[in-house]
Amino acid sequence: MIVSGSASQALAAALARELEEPLATVDYDRFPDGELLAAVPDAADADRAVIVASTVSSDAHIELLQLQDAVREAGVEETVTVLPYMGYGRQDEAFETGHPISARAVARAISTGTDRVLTVNPHEDAVCEFFEPPAVVIDAAGRLAEPLPDDLVEPVFLSPDAGAVGLAETVRDAYGTGDTDYFEKRRLSGTEVEITPSDVDVAGRDVVVTDDIIATGSTMSEAVAVLQARAVGRVFVTCVHPLLASNAVTKLSQAGVESIYGTDTIERESSIVSVAPAIAAKLS
Ligand code: R5P
């Protein structure tokens, strides 16, 4: 059976359809002190439970641990944990003395309740090493080419920083033609970045900017502002994980972004590309 975390209901339903497996009922309750109870009443009916849960908040992490425990307690033979979006994945090093490696901490906790882990385009693939059971990356970036129009003019597939250029290359390869390039980024604070453009000529050309995550929108809005100042053609803004926290949509609109699209690893209005087929391919 497919068991959905509360932040991944549409994706879990799509995966259940792809795999033709039943979608489990999940019941929720809250105790008077605010503690969560997530239960899977029919878990005993399944041999395999595939839990699909983007850990977009601290509550979502607790919910996932409870779902894992519930299905194992009911006696399922195999538990698979799918993290469409792995929260805390970006803190994959102790960047300052005294800091935690948060990605490792959550991976250790998740490891205790599962036989294997699948995660979609984590910020760094190396986070898979933090899990004890086998953990693999699903690369869904190629699907971001699907909504692009067929008539892109001399397209440039660009990433706003060096770390995401592989994603831009994957989208270009899936689209079939175009150049790739990347800007340099320096993060000044959690909400401020400085973008140094490359010397790629974008005048009159359509540009597809791709990142793994759009969180506060700072990176993408700065990158798009640089492009707008260079007589660019159309600009398409896309990402795997449209976290779009806080005032990200406003910030991007102010930078001249007309539309943003991403995948359904995080359920937002802009989540128009489904990663369900890519996950299903790893599970069947
Ligand atoms: C970091 O390097 C990631 O690839 C993204 O660029 C970053 O998470 C985007 O964050 P924000 O939207 O807050 O600038």
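So, how was this worked out
Residues numbered from 1 in each chain as written. Predicted model: local features only at pLDDT ≥ 70, side-chain atom pairs only at ≥ 80, totals over all residues. Heavy atoms only, no water. Buried < 20%, exposed > 50% of the residue type's maximum accessible area, 1.4 Å probe, protein only. Helix = DSSP H or I, 4+ residues; strand = E, 2+ residues; numbered from the N terminus. Arc of directions from axis to C-beta. Contact = heavy atoms within 4.5 Å. Pairing = 2+ DSSP bridges. Axes fitted to C-alpha atoms, helices over the stretch in contact; angles between N-to-C directions. Near = heavy atom within 4 Å. Polar contact = N/O pair within 3.5 Å; in protein donor to acceptor, adjacent residues only side chain to side chain. Areas by Shrake-Rupley, 256 points an atom, 1.4 Å probe, with all protein chains shown as cover. 1 Å grid on protein atoms, 1.4 Å probe; cavity = no way out; pocket = protein on both sides within 12 Å on 5 of 7 lines; lining within 4 Å. Sits in = over half its atoms within 2 Å of the grid points. Core = buried A, V, L, I, M, F, W, Y, C linked by side-chain atoms within 4.5 Å.

Now, about helix H4 (residues 165-175): what can you tell me, with residues and values included?
The α-helix winds at 3.6 residues per turn, so residues separated by three or four positions along the chain end up facing the same way. Listed in full, the buried residues belonging to H4 are Val165, Leu167, Ala168, Val171 and Tyr175. Relative to the axis of H4, the buried residues are bounded by an arc of 155 degrees and lie together on one face. Summarising the contacts, the buried residues of H4 are in contact with strand E8 (156-159), strand E9 (179-182) and strand E12 (207-213). Just downstream of H4, Gly176 is the residue with a positive phi angle, here 110 degrees.

I'd like to hear about the sheet that holds strand E4 (residues 48-52), residue by residue, with values.
In spatial order, the strands read E1-E4-E5-E6-E7; together these 5 strands make up an open sheet with parallel pairing. Two strands in the sheet have a free side with no partner beyond their single neighbour: strand E1 (2-4) and strand E7 (135-138). With direction set aside, neighbouring strand axes in the sheet form an average angle of 20 degrees. One ladder, built from 4 bridges, connects strand E5 (residues 78-83) with strand E6 (residues 116-120); its direction is parallel. Residue Val82 lies in a different strand from E6, and its bridge partner there is Leu118.

If you had to explain the site of the ligand to someone new, which residues and values would you point to?
The local shell around the ligand holds 14 residues, among which Arg90, Asp211, Asp212, Thr216 and Thr219 are the closest. Between Asp161 and the ligand, the recorded distance is 3.4 Å, taken from a side-chain N or O atom to an oxygen atom. Measuring from an oxygen atom of the ligand, one finds a side-chain N or O atom of Asp212 at 2.5 Å. Computed on the free molecule, the ligand has an accessible area of 380 Å², of which 91% lies beneath the protein chains in the complex. At a threshold of 2 Å from the grid points, most atoms of the ligand map onto the largest pocket. For the shell around the ligand, the element with the highest residue contribution is E12, accounting for 3 residues.

Lay out the nonpolar core with the relevant residues and their values.
Core analysis: the largest hydrophobic core is formed by 34 residues, its most contacted members being Leu15, Leu148 and Ile279. At 6 residues, helix H1 (residues 9-19) tops the list of elements feeding residues into this core. The residues touching Ile279, leaving out its near neighbours within four places in the chain, are Leu11, Leu15, Val82, Leu118, Val120 and Ile138.

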